[in-house]
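Observations on the three-dimensional arrangement
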Amino acid sequence: MKLSKAQYDEIAQFLGHVQPTRQSLRKLKERFPSQSQSTLLSIFSQEYQKQIKRTHAKHHTAEAIETYYQRYLSGVMKNAAAPVLLELANEVDFAPSLMARIVLERFLQEQEGTIPSKTLINSMLRDPSQIPDGVLANQIYQCTVNDCCYGPLVDCIKHAIGHEHEVLLREMLLEKNLSFLAEEQLRAKGYDKTPDFILEVPVAVEGHIIHWIESKASFGDECSHQAYLHDQFWSYWNRFFSELPGWSHFLWHAEQALCHLN
């Protein structure tokens, strides 16, 4: 179903008064029962990421980092089994996985005497068993599995959902007997920036001529549309569509495309 701007604003306003936890997600579904779980989760994630970007800098000052690290050490000294890092992240309203990254980097810097590489940090966050401290490894794990919007677990889920949407879209195009070129076929032709599907025979949807579809497994708010236009969609014109005279273009959100093709 379509979501009006007023409905979206109401959801976003509600999210401004709740913490980014699974409990809040349940409250969100109870407050807006007519909206799908996936839509609400996507909006929830996007709104929270906007909040984190606004406050990101204050959590990465030298003073903040040292405060968080010392509070972690003090907390695990009192009770190593307690979710010290997770509770600290919730207290200062910061994403648990990002708090885990800060403390892990500070720990490794103290152990090695040098700033650890991003590759090493990412590897340890994905697999905490690599961390040479069992207590910290457990704390990192707790943050990862309890983070709804950030971290390696969330990244894997997003990647899987994105792939699933592309598979479903391909199946729907085949079911409708629409002739198309997929991204891998276009890359084989030498195009480095392509949409997911080019329709070899365009179709009309609600008065618009659709030549291509880009699948996005996320809610298309104004901010994300502008970001995709700047970072991705305009490059299709510059690197691909400008070579195809006579083609008109319509930025088609994957959720709408799936709905109309179903």
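Per an unreviewed UniProt entry, the protein goes by CDAN1-interacting nuclease 1 and derives from Chrysemys picta bellii.

Next up on the list: the overall build of the protein. The helix and strand tally for the protein stands at 12 helices and three strands. Out of the 262 residues belonging to the protein, those deemed buried represent 42%. Sequence-distant contacts, at least 24 apart, represent 59% of the contacts inside the protein between residues at least 6 apart. Surface exposure of the protein reaches about 14800 Å², of which carbon and sulfur atoms provide 54%.

Time to look at the pattern of salt bridges. Going through the model one piece at a time under the given rule, you end up with seven salt bridges. With a closest N to O distance of 2.9 Å, glutamate 66 and arginine 106 form a salt bridge. Residue glutamate 66 is located in helix α4 (residues 62–78), and its partner arginine 106 is located in helix α6 (residues 96–112); the two are separated by 40 residues in the primary sequence. According to the relative accessible area criterion, glutamate 66 is partly exposed, its value standing at 30%. We note a salt bridge from arginine 106 to glutamate 110, for which the minimum N-O separation is 3.8 Å. Highlighted residues: arginine 106 and glutamate 110, both in helix α6, separated by four residues, approximately one helical turn. Since its relative accessible area comes to 16%, arginine 106 is described here as buried. Three or more residues joined by partner-sharing salt bridges are found here, namely Glu66, Arg106 and Glu110.

Thresholds applied
Residues numbered from 1 in each chain as written. Predicted model: local features only at pLDDT ≥ 70, side-chain atom pairs only at ≥ 80, totals over all residues. Heavy atoms only, no water. Helix = DSSP H or I, 4+ residues; strand = E, 2+ residues; numbered from the N terminus. Buried < 20%, exposed > 50% of the residue type's maximum accessible area, 1.4 Å probe, protein only. Contact = heavy atoms within 4.5 Å. Areas by Shrake-Rupley, 256 points an atom, 1.4 Å probe, with all protein chains shown as cover. Salt bridge = Lys/Arg side-chain N within 4 Å of Asp/Glu carboxyl O.

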